[in-house]
Each structure stands twice: as structure tokens, then as C-alpha cells.
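Residues per chain are reported as follows:
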Amino acid sequence: MASLQKIKTRINSIYSTQKITKAMELISTAKFAKIKNNLDQVKNYYSNVKKIFFNLLKYTSPHIDVLLNEKSWQFEKKRDLYIIFGSDLGLCGAYNTNILNKVNEVVTSEDIIIAIGSKLLKILSKRENTHIIQTLTNIGDEPNYNIAKIISNKIYDVLQISYLNSVKVIYTKYINPIVQEPIVKEIYPITLEKSADSENIFSDMDKSSFEPSADIIVKNSFSIFFEASMYYALYSSKLSEMSMRRIAMEQASDNASELIDDLKLQYNRTRQAKITQEITEIVGGSNSK
């Protein structure tokens, strides 16, 4: 039977841990609320950029899928580029594990990866035949548009090499405070069919009105579209991370409370048993006289 001092030490230790998890829960809740307030604006920005970009594509470019891959015919074997969003910090439940499971489902040994997040990079480095061409770590708790620009520039540069079959994003989509879903979203190639449901806002314009030319404008617009796509994925991922960390810390605090209650019960039982034993010894000693 454990001594009273050992039980008391464990209780105090768990109390200290509970204070930490409770503080982290409150911090995650505050950060979650801040990011959640901005998500709608980011989503609207992404939707508007996508609408204008797709309409421009519908009206101006007949060969959108090869606009940036003009030399793709030279390569017999093409591969996919995956931009994968993870976290820099742990203690966020199954956030990074869920992303890794999705990676294992779709990413092959031939594909190349841009990895975002220190924890994600650590678990990806243990994966066999993983080709990481760029990493971004320590990006902070507040999504930054500069991060989206860096990723967009890298995508554009790799596309100029003209050996990509597609560009896909793996990130955690925020659905509600309880549900977050890791998804794979293709952002390249872009075809007219993908924008068929949008109204063409350039239908009344003459192609000659575009300066320097419609195709050059479209080609330059890819960077803006990639930036908006990356910014939305980064925001949704960060919101999902904060939500899952808040839930994980809440569960850890609740588990600590339950463990403390169990240890208190054990402490009282042990104390009562020792008191009973002492009384029995006293009574036994008295009877022997």
C-alpha cells in the first residue's frame, strides 16, 4: 500500500499539471475566438479572388491547364506537388496524426512536398521516401499573409520547371468547434469546368481591351489565386489546430480532476486503514497486559 506522503506528492503534482492544462485551455480559447472572428473575411476574400480569376480564365484562355506547364510534354513522368499544413506545437490531440494519415493515403514516393509546421516536419521525416523541397516552421499562432506569399512563389517557381501533374493542398478544414476534417484539395491544373457554375463578369469585354494581353494577365493572376488559396488553407488549419488544442487541454484538465478525486479517495482509505491498525495495536497491547 502506498504511503500517505507518496499519495500526497502525486496529488500536488497533478494539481500543478492541471493548472498548466487549464491555462493552455484558456489561451487556446482566446486565440481560437480571435482567429474565428477573421475567418469569414478570409473566406470571402478567397471566394472573390477565385470568382474573378475563374471568370477571367473562362473568357480569355482556351488552354488553361497548360498555361504554366508549356513544356510538360517533354517529361515522360510527372509527379504531384503537395502543400501540407501541420502545427509547430504539440498538445493538440490527433491534429498532426490525422494529417499524416491523409498523407499516407494520397502521397506517393514520386511526389514532392512543401511542409508547414515543425511537428509535421518531424513526423514526415520518419516517413520513408518522402521528398520535401521546402519547409516553413515557427509561423506563429496568427496566420500571416506573407506565409501564403512564400508558398505561392514556391508553387509558381516549381511550375516553371514544368514537371508537375498537379498541385494539391492537404490541410485541416474547420467545420465546427467539435469537427475538423483533414482534406485534399487540388488547386492546379485549373479547367473551365471547375468554374462553370459562376457567371462570366467579362462577357461584354473585348479581348483587345486587356493590356498587355489577356494571357499575360491571366498568367500573372495565378500568383494571386495561389496566395488566396494558401491563406485560406492556413487560416482554416490554424483555427482547427486551436480548436483541437482547446478540446485536448479541456479533456486533460477533466482527467486530472478525476485522477485527483481517485487519489484523494485512496489517501483517505489509506489514512483510515493506518488509524484502524494503530487502534488495533493499542487495543491488542492493552489486552496482553
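Residues numbered from 1 in each chain as written. Predicted model: local features only at pLDDT ≥ 70, side-chain atom pairs only at ≥ 80, totals over all residues. Heavy atoms only, no water.

Per an unreviewed UniProt entry, the protein chain carries the name ATP synthase gamma chain and comes from Metamycoplasma faucium. Quoted verbatim from the Sequence similarities (unreviewed entry) heading of the UniProt record, the comment on the protein chain is "Belongs to the ATPase gamma chain family." Heading Subunit (unreviewed entry) of the UniProt record for the protein chain holds this comment: "F-type ATPases have 2 components, CF(1) - the catalytic core - and CF(0) - the membrane proton channel. CF(1) has five subunits: alpha(3), beta(3), gamma(1), delta(1), epsilon(1). CF(0) has three main subunits: a, b and c." (UniProt positions renumbered as here; feature names shortened; annotations may be inferred.)

Undergrad: It is not clear to me how helix α4 (residues 145-161) should be interpreted in this structure. Could you clarify?
TA: Each α-helix winds once per 3.6 residues, and so residues spaced three or four apart point in a common direction. With 17 residues, α4 extends 25 Å between its outermost C-alpha atoms, agreeing within 8% with the 24 Å of an ideal straight helix rising 1.5 Å per residue. Those residues of α4 that fall on the buried side of the exposure criterion are I147, A148, I151, S152, I155, Y156, V158 and L159. End-on view of α4: buried residues confined to an arc of 170 degrees, all on one side of the axis. Near the N-terminus of α4, the side chain that reaches the backbone nitrogen of N146, with its oxygen 2.8 Å away, is that of N144. (Helix = DSSP H or I, 4+ residues; strand = E, 2+ residues; numbered from the N terminus. Expected span 1.5 Å × (residues − 1). Buried < 20%, exposed > 50% of the residue type's maximum accessible area, 1.4 Å probe, protein only. Arc of directions from axis to C-beta. Polar contact = N/O pair within 3.5 Å; in protein donor to acceptor, adjacent residues only side chain to side chain.)

Undergrad: Even after reading the chapter, I still don't get the environment of K31, so can you show me in this structure?
TA: Relative to the helices and strands, K31 is located in helix α1 (residues 4-60). When its relative accessible area of 29% is taken as the criterion, K31 is described as partly exposed. It is 9.7 Å that separates the C-alpha atoms of K31 and K238, two residues lying 207 residues apart in sequence. Every residue in contact with K31, bar those within four places of it in the chain, is listed here: D141 and M242. (Contact = heavy atoms within 4.5 Å.)

Undergrad: Would you take a moment to explain unusual backbone geometry for this structure?
TA: Glycine aside, residues mostly have negative phi, and peptide bonds are mostly found in the trans state. Residue P189 is reached from Y188 by a cis peptide bond, and omega for that bond is 0 degrees. Position of P189 among the secondary structure elements: in the loop between β5 (180-188) and α5 (214-288). Within the chain, L91 stands out as a residue other than glycine whose phi angle is a positive 55 degrees. Tracing the sequence through the fold places L91 in the loop between β1 (79-85) and α2 (95-106). The exposed category is assigned to L91, whose relative accessible area is 54%.

Undergrad: Would you explain the nonpolar core in this entry?
TA: In a soluble, globular protein the nonpolar side chains are often hidden away together inside. Among the nonpolar cores identified, the biggest contains 48 residues, and L81, I83, F85, I151, I155, V167 and M230 are the most heavily contacted of them. Only α1, β1, β2 (112-116), α4, β4 (164-174), β5 and α5 provide two or more residues apiece to this core. The leading source of residues in this core is α5, at 13 residues. Apart from the residues within four sequence positions on either side, L81 is in contact with I112, I113, I114, I133, I155, V158, L164, S166, V167 and K168. With 11 residues, the next largest nonpolar core counts L100, V107, I113 and L124 among its residues. (Core = buried A, V, L, I, M, F, W, Y, C linked by side-chain atoms within 4.5 Å.)

Undergrad: I would appreciate a short explanation of the pattern of salt bridges in the present structure.
TA: Where charged atoms of side chains with opposite charge meet at close range, the side chains can pair. With the rule as written, the count across this model stands at seven salt bridges. Put simply, R245 and E241 hold a salt bridge, and the shortest N to O gap is 3.0 Å. Taken together, the residues span about one helical turn, with R245 and E241 both in helix α5 at a distance of four residues. In terms of burial, R245 and E241 fall into one category: buried. Via salt bridges that share partners, K238, E241 and R245 belong to a single interconnected network. (Salt bridge = Lys/Arg side-chain N within 4 Å of Asp/Glu carboxyl O.)

Undergrad: Before we go on, may I ask you to explain α2 in this structure?
TA: Helix length check: α2 (12 residues) gives 17 Å between terminal C-alpha atoms against 16 Å at 1.5 Å per residue, within 8%. Looking at α2, one finds that the buried residues are Y95, N96, I99, L100, K102 and V103. Projected onto a plane normal to the axis of α2, the buried residues spread over an arc of 160 degrees and lie on a single side.

Undergrad: Just checking my understanding: could you explain empty space enclosed by the protein for this structure?
TA: A probe as big as a water molecule, rolled over the atoms, marks out the empty space that is left. In total, this model carries two cavities of 30 Å³ or more according to the counting rule given. Estimated volume of the largest cavity: approximately 50 Å³. Considering the residues around the largest cavity, the lining is formed by Y46, V169, Y171, K185, I187, S229, M230, Y232 and A233. Counting only elements with at least two residues in the lining of the largest cavity, the list comes to β4, β5 and α5. Looking at the lining of the largest cavity, the element that brings in the most residues is α5, giving four residues. The residue inventory of the lining of the largest cavity, partitioned by class, reads seven nonpolar, one polar and one charged. Estimates place the volume of the second largest cavity at around 30 Å³. Along its surface, the second largest cavity is lined by F85, G86, Y95, I116, I139, L234, S237, K238 and E241. Counting residues per element, the lining of the second largest cavity draws most heavily on α5, at four residues. In the lining of the second largest cavity, the residues fall into five nonpolar, two polar and two charged. (1 Å grid on protein atoms, 1.4 Å probe; cavity = no way out; pocket = protein on both sides within 12 Å on 5 of 7 lines; lining within 4 Å. Points joined across faces, edges and corners; volume = space filled by probe spheres on them. Nonpolar A, V, L, I, M, F, W, Y, C, P; charged D, E, K, R; others polar.)

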